[in-house]
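Given next are the chains, with one letter for each unit.
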Amino acid sequence: MEIIILKNAESVAATGGELVAELLRVRPDAVLGLATGSTQLSLYRRLVKQHLESGLSFKHATSFNLDEYLGVAADNPQSYRSYMNREFFDHIDINKNNTFLPACEDGKNPILVGPRYEQAILDAGGIDLQIMGLGANGHIGFNEPSSSLSSRTRVKTLTKQTLKDNSRLFSEDEFQPTLAITMGIATIMDAGRILLLATGENKAAAVSKMVEGPLSAMCPASILQLHERVTVLLDEPAAAGLRNKDYYNWTYLQNESLKDRFGIIHDG
Ligand code: F6R
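Residues numbered from 1 in each chain as written. Predicted model: local features only at pLDDT ≥ 70, side-chain atom pairs only at ≥ 80, totals over all residues. Heavy atoms only, no water.

### So, the site of the ligand
Item 1. Surrounding the ligand, one finds 14 residues, the nearest of these being T39, D67, H139, G141 and K203.
Item 2. Between an oxygen atom of the ligand and a side-chain N or O atom of D67, the distance comes to 2.6 Å.
Item 3. Within the side chain of H139, an N or O atom sits 2.7 Å from an oxygen atom of the ligand.
Item 4. Expressed as a share of its isolated accessible area of 410 Å², the protein-covered part of the ligand is 92%.
Item 5. Split into classes, the residues belonging to the shell around the ligand amount to 3 nonpolar, 8 polar and 3 charged. (Near = heavy atom within 4 Å. Polar contact = N/O pair within 3.5 Å; in protein donor to acceptor, adjacent residues only side chain to side chain. Areas by Shrake-Rupley, 256 points an atom, 1.4 Å probe, with all protein chains shown as cover. Nonpolar A, V, L, I, M, F, W, Y, C, P; charged D, E, K, R; others polar.)

Given below as structure tokens:
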């Protein structure tokens, strides 16, 4: 895994934004995997800024979000569809018909959503770059600890910790969903490249387990050790528990010089 430790959350968003822009410049019709959550907010702000100020275009891009709550209508401000429109899609030139979330319309069978979502991803040619965050419990998407490492898009029950972590976003009298439909771990692993952003000290333990811990369903993010092309962007507090921090910093410097000399590279 390529581990890049940056001085603060803003630098994480800026570097993430550059990577996305780089991809869109080379492949304007890229298929992007997207995430919601607090960590992604500054990345979306950066990308909107690049769109408005530097003409970065999403016109030909397609997107698939990792997850969506079950039992929350698309027009509910708490839905991930609303989040994506509000924080990102409404401010760029993406064609909203090409933006997808694993949503289940009211009255429809949620069991059917997963296989259709998988098919839609395949029909689009697969995800080029999957952007994501990390749960404090090591989840990716809503693949909670003990999720099958070969899972596909399906309904998941959120853990009490995830509900507690996200309760800050719901007012006391508001319905907080306990179920979601999420891309599976195998779905995520099919992406051509993965960009994971984690910031803040409450992510430090999960970051250590993901990068340096054993491969285990109890830390779903540890599966990323098996992916060929993962870039992890961390701020200092999120990187605080890493044992090999010096090596990652050293590797980053080496990579920068390789990039200057040969225009490459990724150190996985
Ligand atoms: C959201 C998602 C989650 C979040 C994770 C981190 O679409 O898939 O895995 O990325 O829970 O959330 P924040 O950034 O709010 O800490």
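### Details of the sheet that holds strand 8 (residues 179-182)
Item 1. If you trace the 3 strands from one edge of the open sheet to the other, you get 4-8-7, paired in antiparallel fashion. If you trace the sheet from one side to the other, it starts and ends with strand 4 (67-69) and strand 7 (154-157), each paired once. Between one strand and the next, the sheet's axes are offset by a mean angle of 30 degrees, whatever the strand orientation.
Item 2. Pairing analysis gives 3 bridges linking strand 4 to strand 8, with the strands arranged antiparallel. Within strand 8, the residue paired with Y69 across the bridge is A180. (Pairing = 2+ DSSP bridges. Helix = DSSP H or I, 4+ residues; strand = E, 2+ residues; numbered from the N terminus. Axes fitted to C-alpha atoms, helices over the stretch in contact; angles between N-to-C directions.)

### Structural notes on the pattern of salt bridges
Item 1. Tallied over the entire structure, the rule returns 10 salt bridges.
Item 2. Across the pair D128 and R27 runs a salt bridge whose closest N-O atoms are separated by 2.5 Å. Remark: R27 occurs in the loop between helix 1 (9-26) and strand 2 (31-34) and D128 occurs in the loop between helix 4 (113-123) and strand 6 (129-132); sequence separation between them is 101 residues.
Item 3. In this structure D128 comes out as buried when scored by relative accessible area, which is 18%.
Item 4. Assessed through its relative accessible area of 39%, R27 is described here as partly exposed. (Salt bridge = Lys/Arg side-chain N within 4 Å of Asp/Glu carboxyl O. Buried < 20%, exposed > 50% of the residue type's maximum accessible area, 1.4 Å probe, protein only.)

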